[in-house]
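Below are the chains, spelled out letter by letter.
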Amino acid sequence: MEIHQYLNEKSDFSKMLALKKDINLKRSSPSTVHIENVTVLPRKNASDAPVWGLGGLINSDGKFIEESSYKNGWSQFGGLYSFDRDNVVHQNEHVIWGGIFVKHWGHFLIDFMTRVWYPALHEHNKKFIYVANKDDKIDGNYAEILSLMGIKGERLIKISEPTSFNSITVPEIAYKKSAYFYNDFNLSFVKAINKAASLFSSHPSRKIYFSRLKLNEAKMKEVGESFLEDAFQKNGFDIVYPESLNVVEQIILWNTSSEIACLNGTIPLNIPLCGKKDLRITVLNKTSRLHENLLWFESVFDCPIVYVDVYDPLLTNKKKSLGKGPFIMYVTKELSKYFEENHQKISPTPLPQVLINRINFIKLRFVLFFQNLKIKFGRKLIKIYKAEFK
């Protein structure tokens, strides 16, 4: 049974339902490919490369191993490039291929975790290798959640130069956007939840509003969240800033709270950390553009979500990516109705404050416009300079 949503006429509810039905459970188990004498090519960016670059595995004949590529929606990685075959480092080990690591929490949950099922659930000794940008590595919360899944830090190996191994096992990706998922994808997260479960009883049930107000990047993307934070606080929600929490603290909140509310984006993609089926999850839409990854995750992890539109319909561009912005929001009539039907009534933001909010939003758009113009101009100058002195 579909739960009630609080949407305006710009949000396409029928498309939301259709997207959730796109994804289906595969009853079988994901497979693995085992290959002897393999060379790993680290990530390399190139103008004609997929969005996340070239790299991956090549066999003893010098051919690219397609199973090592990553093709999942627009997230794409993999391909052969030239390298010095006489200077390949050899490691006398049998390892597991983890693929491309992008240091962004949302992409970590959606993309990198697709191969984690094998070292987390089946092979507990072999090292787990991956490739990434030069300055990126798996550490902090990224390493902590893998550790909860049984993949300790000493098993994580970043490949930064062409390296050969005795053999590599390549796990099939266990979650394909807009297509299918295997139970193994979910079970990796269940393992992490169970590891922290002994701590749940010592934490009281709370209503949580996850805020982005203290994030520096949010200050350059979003206008008006203070209205929302204040409204939820008046309704008895504790304000929590998720970037200040470690993974165990997040798991505790997702499994002991009675209700969690947050803006649409990366924060609600943490629903894999939730094993509490009666948790009420409210996601506030800052644009009418649908968050496909979240709608698919809602089906994969069986976590029904209440969506509430909080964006300004006059100034919100549907084409804007959820990660880019800028976004403008306030207590809309939809949010006011949500509060009236579920909590204590909160009136919509008064028109004078809405107008001030819009002025601040327009100022931010001008700042971002000139910043982008400066970046584009700088890139053109670099190209001209390189062309002149070739």
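Heads up: the structure comes first, above all this text.
Residues numbered from 1 in each chain as written. Predicted model: local features only at pLDDT ≥ 70, side-chain atom pairs only at ≥ 80, totals over all residues. Heavy atoms only, no water.

**Student:** Hey, could you go over the nonpolar core for me, with residue numbers and the actual values?
**Tutor:** One recurring pattern in soluble globular proteins is that nonpolar side chains are buried together. If you look at the biggest cluster of nonpolar residues, it comprises 87 residues, and the most contacted ones within it are Phe108, Leu146, Ile168 and Phe210. Among the elements that line this core, the one with the most residues is helix H8 (residues 247–256), at six residues. If we skip the residues at most four places from it in the chain, Phe210 touches Glu225, Val240, Pro242, Leu245, Leu253, Trp254, Ile260, Ala261, Cys262 and Ile267. Residues Tyr209, Phe237, Val306 and Val331 belong to the second largest nonpolar core, which totals 24 residues. (Core = buried A, V, L, I, M, F, W, Y, C linked by side-chain atoms within 4.5 Å. Buried < 20%, exposed > 50% of the residue type's maximum accessible area, 1.4 Å probe, protein only. Helix = DSSP H or I, 4+ residues; strand = E, 2+ residues; numbered from the N terminus. Contact = heavy atoms within 4.5 Å.)

**Student:** Residues and numbers for the pattern of salt bridges, please.
**Tutor:** Overall, the coordinates contain 14 salt bridges when judged by the stated rule. The residue Lys177 makes a salt bridge to Asp111 at a minimum N-O spacing of 3.1 Å. Placement of Lys177 in the loop between strand E10 (175–176) and strand E11 (180–182) and of Asp111 in the loop between helix H2 (105–110) and helix H3 (117–121) is noted, with a sequence separation of 66 residues between them. Between Asp238 and Arg206 there is a salt bridge, with the nearest N and O atoms lying 2.9 Å from each other. Of this pair, Asp238 sits in strand E14 (residues 238–240) while Arg206 sits in the loop between helix H5 (183–196) and strand E12 (207–210), and the two are 32 residues apart along the sequence. Owing to a relative accessible area of 33%, Asp238 belongs among the partly exposed residues under this scheme. Note on Arg206: relative accessible area 31%, which makes it partly exposed. (Salt bridge = Lys/Arg side-chain N within 4 Å of Asp/Glu carboxyl O.)

**Student:** Account for the pairing of strand E16 (residues 280–285), naming residues and giving values.
**Tutor:** Successive side chains on a regular strand alternate, one facing one side of the sheet and the next facing the other. A large share of E16 lies buried, amounting to five of its six residues. Alignment of strand E15 (residues 259–263) against E16, held across five bridges, turns out to be parallel. Counterpart to Glu259 in the pairing with E16 is Arg280. Strand direction decides the pairing type here: E16 and strand E17 (residues 305–309), joined by five bridges, are parallel. Bridge assignment links Val283 to a residue of E17, and that residue is Tyr307. (Pairing = 2+ DSSP bridges.)

**Student:** Requested: an account of unusual backbone geometry, with residues and values cited.
**Tutor:** A positive phi angle is found at Asn37, which is not glycine, with a value near 50°. For Asn37, the position within the fold is in strand E2 (residues 32–44). At Asp302, a position not held by glycine, the phi torsion is positive, near 50°. Examined against the element boundaries, Asp302 turns out to sit in the loop between helix H9 (292–300) and E17.

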